Amino acid sequence: MGVITTPFFNYEFHASQAEDDPGTVVWQRLITSIIEPARVFAGPFEEVFGQRFNEMEIAIQDALDLESIVDHIEDCEPANLTIDYDKDLTWCEIQTAEKWNDHRDQARFTANRQQARSLAKKPA
């Protein structure tokens, strides 16, 4: 693990062994402890990091009401979204059904965490 600390954020990098393939290294690069988002996601940050990240995870202080989120989406019946969740509503996952630029977006929610990612279309 390594950490670079700046006045506005920390840049962390981790290496671990893949759970399903012991011969594979999984590299994880994180931006954490963001102090001023407006300064982080602009200008110099974009120049250095650009498109290096494809996933965002946000820790949430107050617990989310997952049942309300699921009910609202199901009541709206949006044609461009699909929703999946477990029977106990410990998580829900919302995914765009339409694909553009070979990507679709996905958001996964638990009571205390929201995770969003852009999923590249797998080559045929």
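Residues numbered from 1 in each chain as written. Predicted model: local features only at pLDDT ≥ 70, side-chain atom pairs only at ≥ 80, totals over all residues. Heavy atoms only, no water.

**Q** Where do I start with the pattern of salt bridges in this structure?
**A** Side-chain pairs of opposite charge can arise whenever the charged atoms involved come near each other. Counted by the stated rule, this structure contains two salt bridges. In this structure, D88 engages K87 in a salt bridge whose closest nitrogen and oxygen atoms are separated by 3.8 Å. The same class applies to D88 and to K87, which are both exposed. The partner of R108 in a salt bridge is E93, and the shortest N-O contact between them spans 3.2 Å. On the criterion of sequence distance, the pair formed by R108 in strand 7 (residues 103–110) and E93 in strand 6 (residues 91–96) is long-range, its members being 15 residues apart. (Salt bridge = Lys/Arg side-chain N within 4 Å of Asp/Glu carboxyl O. Buried < 20%, exposed > 50% of the residue type's maximum accessible area, 1.4 Å probe, protein only. Helix = DSSP H or I, 4+ residues; strand = E, 2+ residues; numbered from the N terminus.)

**Q** What exactly am I supposed to notice about a negative patch on the surface here?
**A** Among the surface-exposed residues, D65, E67, D71, E74, D75 and E77 lie close enough to one another that they form a single negatively charged patch. Among the structural elements, D71 can be located in helix 3 (residues 66–76). (Patch = residues over 30% accessible without salt bridge, like charges linked within 9 Å, V, L, I, M, F, W, Y side chains within 5 Å. Areas by Shrake-Rupley, 256 points an atom, 1.4 Å probe, with all protein chains shown as cover. Lys, Arg positive; Asp, Glu negative; His and termini not counted. Charge placed at Lys NZ, Arg CZ, Asp CG, Glu CD.)

**Q** Just checking my understanding: could you explain the pairing of strand 6 for this structure?
**A** A regular strand carries its side chains on alternate faces of the sheet. Taken across its six residues, strand 6 has six buried, putting it largely inside the fold. Here strand 6 shows a buried face lined by W91, E93 and Q95 and a second buried face lined by C92, I94 and T96. By the bridge criterion, five bridges tie strand 5 (residues 81–85) to strand 6 in an arrangement that is antiparallel. Across the sheet, D84 pairs through a bridge with E93, a residue of strand 6. The hairpin formed by strand 5 and strand 6 contains five residues between the paired strands, and L89 there has a positive phi angle of roughly 50°. (Pairing = 2+ DSSP bridges.)

**Q** Looking at this structure, how should I read the pairing of strand 2 (residues 10–17)?
**A** By the bridge criterion, four bridges tie strand 1 (residues 2–5) to strand 2 in an arrangement that is antiparallel. Bridge pairing links V3 to E12 in strand 2. Connecting strand 1 to the next strand, strand 2, in antiparallel fashion are four residues. The sheet contact formed by strand 2 and strand 3 (residues 25–32) spans eight bridges and is antiparallel. Bridged to H14 within strand 3 is Q28.

**Q** Sorry, what's going on with unusual backbone geometry here?
**A** Excluding glycine, a negative phi dihedral is what most residues carry, and trans is how most peptide bonds are arranged. One non-glycine residue, S33, lies in positive phi territory at about 50°. One non-glycine residue with positive phi stands out, namely E77, at about 50°. Along the polypeptide, E77 turns up in the loop between helix 3 and strand 5. Overall, E77 belongs to the exposed group, its relative accessible area being 66%.

**Q** Can you help me understand the sheet that holds strand 1 in this one?
**A** Each strand in a sheet pairs with another by means of backbone hydrogen bonds, the pair being arranged parallel or else antiparallel. Taken together, the three strands give an open sheet; going across it, the order is 1-2-3, and neighbouring strands pair in antiparallel fashion. With partners counted over all chains shown, the strands left at the sheet margins are strand 1 and strand 3, one partner each. This sheet shows a mean twist of 15° between the axes of neighbouring strands, independent of strand direction. (Axes fitted to C-alpha atoms, helices over the stretch in contact; angles between N-to-C directions.)

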